[in-house]
Amino acid sequence: MTYVKKYTSLIVFFVSLFVYLRTLCPTVYVGDSGELTTAALKLGIAHPPGYPVYCFLSNLFSIIPFGTPAFKINFATAVFSCCAAIVIYLLIVECLCFLTKSFQIGHIFAGLSGALCFSFSKELWSQSCASEVYSLNILFFVSTIYLLIKGYIEVLSKNPIRAKKYLYIFGLVYGVSLAHHHTMILFIPVYLGFIFLNSKFRPINRRLNFYIKLVAFLMLGLCFYTYLPIRSIANPAIDWGNPENISKMINHIVRRQYGDLTGNIRTFELFFLQCWVYIKFLSYQWLLVFLIFPILGSIFLLKTEKTILKFLIMLYLFSSLGFIFLLNFNLDNFSLDQVSPFLIPSYAIINILFGIGIGILALKIRGVKNYVYLFSVLFLPAIPGFANYFECDKSRNFIAYDYANTTLSFLQKGDVAFVEGDNMLFPLSYVYNCENEKNGAKIYDETGNVFLNPYGSDYADLPGFLHDKRKDEVQVKFFKEREYIYFTLGTNFANKRELKTYPAGLLFKAFLSGDFAVQNLLQKTYLIRGIGDKNIYRDYMSRDLFAYYFYFMAETYFARQDLPETYEYFEKSSEIGFDNEPLHTNIGNFFERRNMLDDAVKYYQKASQIASHLASVHNNLGYIYDKKQDYDKAIAEYETAIKIYESADSYNSLAVLYGKKGLMELALRTCEKAVKVDPVNLKALNNLGVIYANTRNYKMAAIVWQKALSIEPNYTSAQLNLQKILPALQ
């Protein structure tokens, strides 16, 4: 039986791998793919918590003698998913053999069907075709389940020594999994309950020696985190957070940079909608009629082995409702795109019960019908296979690579570029560090995590206003040393209106002063494969880059003074990125900077419709309505923004509007709230002083402006205002 299980498990592996290779992205993909690929190839440090296990294991695949460097890491990701499918196959067969006290050919068919249906579920398949951490995470998740259930079966079979071996291996694997992805922490209560509250384990778990060894194996797995300081000291190509000492390593592991998981207020209504979204996600994985088999499997376990059923059900609840409650995600498409991979473990549990259900039903069918049934269930994976193929096929998706390569082609040796935005930054990191290392340009990001950090080792620890001040000082210094600089949307340079900027491909080229040949910037062409190919599936992040291609085309046509083409390409950009709030905000910003206020309102409103839960979209509308002197609408937008998130800038802008309407008492109270929210906000302090001065309370105005100057001695507005009221104070 053991040999049969081993060899048939290879069917699962190679069938899954064959399909994955057919749909594997040939190069770097959108999202985190570029950053993770670079970190894996260069043994670097990825975003918190660093993913040392993924970087180390994926790097082993870099020796493959074919494919691009990115393809090799994508291949590693596919292999991890194939291994997870093998574990699910073994788990299904093992459970069926234990439950029926025999080995039957139907168990093999049930395992194959359940494992392959999991391989071809939409979310796992999609995450397996490009560099991502979720495939390795699901391998660890199903492996821990397999080891615990095997230990439980060995205990029931009166083999406590073998049971302990499985539990010790579980401790090691679980420790490694915690060093890979933090979501595994969520299952600690379930694992502890299964081991220590399970009466069947009492011959093992009563002994102190068992606890010591289990914890020792767990800690051994966690030792993978030592990778972070070891590699950080070597200054790899990507050294996120620079965790080369204990303090920085801990900050990186606990994801201090990101703060809380969610800022949303938890409500029953939102939770209900999130659960409804989960049901929709389920329907995307396979046909919902497939759930008949997990239900049958659960019923059989309820009658024969409640312990295993309770264990699987608790894991399912924690990996579905638990994640939904923990993440408390928004319902816009961007948030859903980010959240969906976290739910893959819940699909794995369903597939385990799915396989058990198929195997149990096979026992009820006799004779020729049994063979017909078994061969029929073997073809069940073909249903999600065909249904999900198009949306999971990344084999012709070059958008991230072409976008990054085109961007780099505009940079020559000695040029300096500041880049921001994960979807632009990460693919560029891969192309720059792994395929085009001789470019000679110097690239920096706003955080100093992905490319070189010019802001100093203490930059990440600086408080808000000092953080921004340091960034401004460093970037101004760069500008003083050269005639021009390149930057992308989302960077600090994009907000500096004193600069002369022109589109340069998918970048902007900025000048402090001087005349230059604009046409030289506009004549260079660039290639993005698949722009008009409807046979390439465009997920959210792919559409993001496609949309920005048309955005920059619009910028280019505006620089050529072709207004009709400008409008046309902005509309094309909007159509592709119909659910992309930052895109519409950027288009709105384009028109607002050029005082084309009606067009700005149009795109700001679209941004608000896409993501009405964001305070920023209401702040933008408030600002534009203020410029249009529609103060009532502006006030309404700022009030909405404050209900979502209380920020000093929103309160300050609202106070200014109240002042314009002559509501000085209301303006004063609102501005005081701004200063209360952020006591070092210079604009709020300055405006509060202005309100005091306008109400002839010069003493308080002076106190407030002096406080602003104590924070920033060179703050010109406070200096000038203080000079104006000096006669009134004397």
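It should be noted that the structure appears before, not after, this text.
All of the points below concern the structure found in this document. Throughout this document, residue positions are counted from 1 along each chain, in the order its sequence is written. Selection of residues for local features in this predicted model requires a pLDDT of at least 70, selection of side-chain atom pairs for listing and counting requires 80 or more, and totals for whole chains, interfaces and linings are taken over all residues. No hydrogens and no water enter the side-chain calculation; it runs on all heavy atoms of the structure.

**What about the overall build of the protein?**
Applicable threshold: Note on conventions: DSSP H or I runs of at least 4 residues are helices, E runs of at least 2 residues are strands, and numbering of each starts at the N terminus. Between the two quantities, the radius of gyration covers C-alpha atoms and the globule rule is 2.2 Å times the number of residues to the power 0.38. Only protein chains enter the area calculation, which uses a 1.4 Å probe; residues under 20% of their type maximum are buried, those over 50% are exposed, and those in between are partly exposed. Whether two residues touch is decided by their heavy atoms; if any such pair falls within 4.5 Å, the residues are in contact. All accessibility values rest on the Shrake-Rupley procedure with a 1.4 Å probe; residue burial counts only the protein chains present in the view. Residues scored as positive are Lys and Arg, those scored as negative are Asp and Glu, and His as well as the terminal groups of each chain are ignored. A charged residue contributes its charge at one atom only: NZ of Lys, CZ of Arg, CG of Asp or CD of Glu.
When you go through the protein residue by residue, the secondary structure sums to 35 helices and 5 strands. Taken against the 2.2 N^0.38 rule, which gives 27 Å for 730 residues, the C-alpha radius of gyration of the protein at 29 Å falls within 12% of a compact globule. Expressed along its principal axes, the backbone C-alpha trace of the protein runs to roughly 100 × 55 × 50 Å. Out of the 730 residues belonging to the protein, those deemed buried represent 57%. Taking the contacts inside the protein whose residues are at least 6 apart along the sequence as the reference set, 70% of them involve residues at least 24 apart. Within the structure as shown, the protein displays about 32100 Å² of accessible surface, and the carbon and sulfur contribution to it stands at 60%. For the protein, the centre of its 69 positive side-chain charges and the centre of its 57 negative side-chain charges are spaced 11 Å apart.

**Remarks on the packing of helix H27 (residues 581–593) against helix H28 (residues 597–610)**
The condition that has to hold: Structural elements are reduced to axes, namely lines fitted to C-alpha atoms, with helices fitted over the stretch in contact, and the angle between N-to-C directions of any two is expressed from 0 to 180 degrees. When describing relative orientation, an angle under 35 degrees is termed roughly parallel and one over 145 degrees roughly antiparallel, while 65 to 115 degrees is termed roughly perpendicular and anything else oblique. The crossing is said to be left-handed when, going from far helix to near helix, the turn is anticlockwise and less than a right angle, and right-handed when the turn is clockwise. By the convention adopted, Pro, Cys, Tyr, Trp, Phe, Met, Ile, Leu, Val and Ala count as nonpolar, Lys, Arg, Asp and Glu as charged, and the other residues, Gly among them, as polar.
Contact pair H27 / H28: the axes reach a minimum separation of 8 Å and the direction vectors enclose 165°. By the angle between their axes, H27 is roughly antiparallel relative to H28. Seen from above, H27 lies across H28 with left-handed handedness. The residues of H28 that touch H27, namely those facing Glu581, His584, Thr585, Ile587, Gly588, Asn589, Phe591 and Glu592, are Asp599, Ala600, Tyr603, Tyr604, Lys606, Ala607 and Ile610. Classifying every residue of the contact of H27 with H28 by side-chain character gives 7 nonpolar, 4 polar and 4 charged.

**With respect to the packing of helix H2 (residues 33–41) against helix H3 (residues 52–59)**
In a packed pair of helices, the relevant descriptors are the angle between the two axes and the axis-to-axis distance. The interhelical angle for the contact between H2 and H3, taken along N-to-C directions, is 65°, at an axis separation of 8 Å. Regarding H2 and H3, the two cross each other, and that crossing is right-handed. Together, Leu36, Ala39, Ala40 and Leu41 of H2 and Tyr54, Cys55, Ser58 and Asn59 of H3 make up the contact between the two elements.

**A few points about the packing of aromatic side chains**
Heads up, the rule is: To pair, rings of Phe, Tyr and Trp, with the six-membered ring standing in for Trp, must have centres within 6.5 Å; the planes then decide the type, stacked if under 30 degrees apart, edge-to-face if over 60, and tilted in the middle.
Counted by the stated rule, this structure contains 58 aromatic pairs. Look at Phe334 and Tyr540: their rings are 5.5 Å apart centre to centre, the planes differ by 55°, and that puts the pair in the tilted class. Linking Phe334 in helix H17 (residues 333–339) with Tyr540 in helix H25 (residues 540–559), this pair joins segments that are 206 residues apart in sequence. With a centroid separation of 5.5 Å and an interplanar angle of 80°, the aromatic rings of Phe418 and Phe478 are classed as edge-to-face.

**Description of the side chain of Ser135**
Quick reminder of the rule: Identification of polar contacts relies on pairs of N or O atoms within 3.5 Å, with a donor-acceptor requirement for protein atoms, meaning one able to donate a hydrogen and the other able to accept it, and with residues adjacent in sequence counted only if both atoms are side-chain atoms.
Within the fold, Ser135 resides in helix H7 (residues 134–156). Judged by its relative accessible area of 0%, Ser135 is buried. A polar side-chain atom of Ser135 sits 3.2 Å from the main-chain carbonyl oxygen of Thr77. If near-sequence neighbours (up to four positions away) are discounted, Ser135 is found in contact with Thr77, Phe80 and Ser81.

**Some thoughts on the environment of Leu136**
When you line up the elements, Leu136 lands in helix H7. Residue Leu136 is classed as buried on the basis of its relative accessible area of 1%. The spacing of Leu136 and Asn586 is 450 residues in sequence and 36 Å in space, taken between C-alpha atoms. Setting aside residues up to four positions removed in sequence, Leu136 forms contacts with Val53, Tyr54, Leu57, Phe80 and His180.

**Considering helix H19 (residues 368–378)**
Applicable threshold: Starting at the helix axis, one direction is taken to each C-beta atom, and the arc is that of these directions.
All of the buried residues in H19 are Asn370, Tyr373, Leu374 and Val377. Projected down its long axis, H19 shows its buried positions confined to an angular sector of 95°, all on one face. Exposed side of H19, more than 90 degrees from the buried face: Val368 and Tyr371 are the residues found there. Tucked inside the fold, the buried residues of H19 contact helix H5 (105–119), helix H15 (292–304) and helix H18 (344–364).

**Focus: the sheet that holds strand S5 (residues 507–511)**
Across a sheet, strands are paired by hydrogen bonds formed along the backbone, either parallel or antiparallel in direction. Where we set the bar: In this analysis, strands are considered paired if DSSP registers two or more bridges between them.
Read from one edge of the open sheet, 5 strands run S2-S1-S3-S5-S4, paired in mixed fashion. In this open sheet, the two edge strands, each paired with only one partner strand, are strand S2 (442–445) and strand S4 (500–504). Ignoring strand direction, the axes of neighbouring strands in this sheet form an average angle of 25°. Summarising the sheet, strand S1 (residues 416–419) and S2 pair through 4 bridges and their orientation is parallel. What sits directly across from Phe418, in S2, is Tyr444. Sheet strands touched by helix H22 (residues 422–435): S1, S2 and S5. Its angle to S2, the strand with the most contacts, is close to 150°.

**Some remarks on the environment of Ile528**
For Ile528, the position within the fold is in the loop between helix H24 (518–522) and H25. With 145 residues separating them along the chain, Ile528 and Lys673 place their C-alpha atoms 49 Å apart.

**Re the nonpolar core**
The condition is simple: Take the buried Ala, Val, Leu, Ile, Met, Phe, Trp, Tyr and Cys residues and link them wherever side-chain atoms come within 4.5 Å; each set so joined is a nonpolar core.
Phe141, Ile145, Tyr191 and Tyr551 are the most contacted members of the largest nonpolar core, which totals 251 residues. The dominant element in this core, judged by the number of residues it contributes, is helix H4 (residues 69–100), at 24 residues. Apart from the residues within four sequence positions on either side, Tyr191 is in contact with Phe141, Thr144, Leu148, Phe170, Tyr174, Met184, Phe311 and Leu315.

**Some thoughts on H22**
Put simply, the rule is: By definition here, a helix of n residues has an expected span of 1.5 Å times n minus one.
For H22, with 14 residues, the first-to-last C-alpha span of 19 Å sits near the 20 Å given by 1.5 Å per residue. The buried count for H22 comes to 12 of 14 residues, which makes it a mostly enclosed element. Listing the buried residues of H22 in full gives Asn423, Met424, Leu425, Phe426, Pro427, Leu428, Ser429, Tyr430, Val431, Tyr432, Asn433 and Cys434.

**Quick notes on unusual backbone geometry**
Excluding glycine, a negative phi dihedral is what most residues carry, and trans is how most peptide bonds are arranged. In this chain, Pro48 is followed by Pro49 through a cis amide linkage whose omega measures 10°. Of note, the phi angle at Lys101 is positive, near 60°, even though the residue is not glycine. You can see Lys101 is positioned in the loop between H4 and H5. Here Arg255, not a glycine, exhibits a phi torsion of approximately 60°, which is positive.

**So, the state of the cysteines**
Here is the rule: Two cysteine sulfurs form what is called a disulfide whenever their separation falls within 2.5 Å.
A full pass over the atoms with the stated rule returns 0 disulfides. Cys83 forms no disulfide, and the closest cysteine sulfur to it belongs to Cys82, at a distance of 6.9 Å. You can call Cys83 partly exposed: its relative accessible area is 25%. Considering cysteine sulfurs only, Cys129 is the nearest to Cys392, which forms no disulfide, with 6.4 Å between them.

**A closer look at the pattern of salt bridges**
Rules: In the sections that follow, a salt bridge refers to a side-chain nitrogen of Lys or Arg positioned within 4 Å of a carboxyl oxygen of Asp or Glu.
Summed over all chains, the structure comprises 19 salt bridges. The partner of Asp402 in a salt bridge is Arg529, with the nearest N and O atoms 2.8 Å apart. Taken as a pair, Asp402 in helix H21 (residues 399–409) and Arg529 in the loop between H24 and H25 lie far apart in primary sequence, 127 residues in all. For Arg529, a relative accessible area of 34% gives the class partly exposed. A single salt-bridge network, built from bridges that share partners, covers Glu94, Lys150, Glu154 and Arg162.

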